[in-house]
Structures are given as structure tokens and as C-alpha cells.
Amino acid sequence: MKTWNPNTNRILFRLLWVTAAVYAVVFVAAFWHLPIHVYIWHQGLLFYFHFIPMFLLQLVLCRTRSTPVCILLPLGILAGVGLVWLCLTEWTVMGLVLFGYWCIAPVMGCALAWVVYFAGYLLGYRRV
């Protein structure tokens, strides 16, 4: 039976903070000047880059969880933010479409992290 390397958790956590900071800069830069004029590559980063921090967050939670409910925490946060967004847009169709489009990347990040974690589990890696 193989065991997890404890340094890997620290590395993943640091990468999580770095990529989250990069995404925050991308997000703020997109809405800094009004009216909004964002290049197409910037839009791509805005809508898809948060896949990486969500993947890393979910992987860290899977590896260090103390209760099984912790692995659903990122999706709960995403649902809470979505509920606030939908209340602000008064549950319009455009609000639902934008929220769904914005959620594709983080949900896919969570799903990929679950696949990676369980693949490692099936290959014989165990927590110490």
C-alpha cells in the first residue's frame, strides 16, 4: 500500500492560493473600467480559468477531509453565490443562463478532482 506524500498537500494548497490570486486579478481587470471592453482572450480567462483553483481546492479537500461532507463544500459555496446572483437578477432567464455558463468550469474542476482522487485511491494510494 502506497501512502500520500504530506508535502504534496502543502504544494497543492500553495498552488491553490496562487491560481486564486491570478483569477482575482483577471476578474478585477475585466471590470475595472466602465463601460466594459474586454478582449476575447480575457473573456476566456474570466470564464474558464477558475477551473484550476476549484480543481486544486477540491483535490486538497478530498485529500485532507475529516468528514465526507467537506468534499461538497465548494459546490455549496457555488450554489450560495448562485442563489444571491439569481436573486439580484430577479430570476430572469438571462441571469440563469449567465450563472449556468459561469458554473461550468468550477463544476468540471470539482468533478475532475473527484476522478483524480478516486483513481489514486483505486491505484492503492491511501492517506497516512
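An account of the accompanying structure is given in this report. (Residues numbered from 1 in each chain as written. Predicted model: local features only at pLDDT ≥ 70, side-chain atom pairs only at ≥ 80, totals over all residues. Heavy atoms only, no water.)

One can find Phe 99 in helix H5 (residues 93-122). Sequence separation between Phe 99 and Val 81 is 18 residues, and the spatial gap between their C-alpha atoms is 9.4 Å. Beyond its immediate stretch of four places on either side in the chain, Phe 99 contacts Leu 78, Gly 82 and Trp 85. (Helix = DSSP H or I, 4+ residues; strand = E, 2+ residues; numbered from the N terminus. Contact = heavy atoms within 4.5 Å.)

Moving on, we get to the packing of helix H1 (residues 6-30) against helix H2 (residues 40-48). Between H1 and H2, the shortest axis-to-axis distance is 9 Å and the interhelical angle comes to 130 degrees. In this view, H1 runs oblique relative to H2, as classed from their interaxial angle. Crossing handedness for the pair H1 and H2: left-handed. On H2, the residues that touch Tyr 23, Val 26, Phe 27, Ala 29 and Ala 30 of H1 are His 42, Leu 45 and Leu 46. (Axes fitted to C-alpha atoms, helices over the stretch in contact; angles between N-to-C directions. Parallel < 35°, antiparallel > 145°, perpendicular 65-115°, else oblique. Left-handed = near helix turned anticlockwise from the far one by under 90°.)

Another aspect to go through is unusual backbone geometry. Despite not being glycine, Glu 90 has its phi angle at roughly 55 degrees, a positive value. Positionally, Glu 90 belongs in the loop between helix H4 (73-88) and H5. A positive phi angle, near 55 degrees, is found at Trp 91, a position not held by glycine. Within the secondary structure, Trp 91 is located in the loop between H4 and H5.

Glancing now at the packing of aromatic side chains. Counted according to the given criterion, the structure contains 9 aromatic pairs. Ring geometry for Phe 13 versus Trp 17: centroids 6.0 Å apart, planes at 80 degrees, classification edge-to-face. One end of the pair is Phe 13 and the other is Trp 17, both in helix H1 and 4 residues apart, which spans about a single turn. Between Tyr 48 and Tyr 101 the ring centres are 6.1 Å apart and the planes differ by 80 degrees, which places this aromatic pair in the edge-to-face class. Taken together, the positions of Tyr 48 in helix H2 and Tyr 101 in helix H5 put the pair 53 residues apart, joining distant regions of the chain. (Phe/Tyr/Trp six-rings, centres within 6.5 Å; stacked < 30°, edge-to-face > 60°.)

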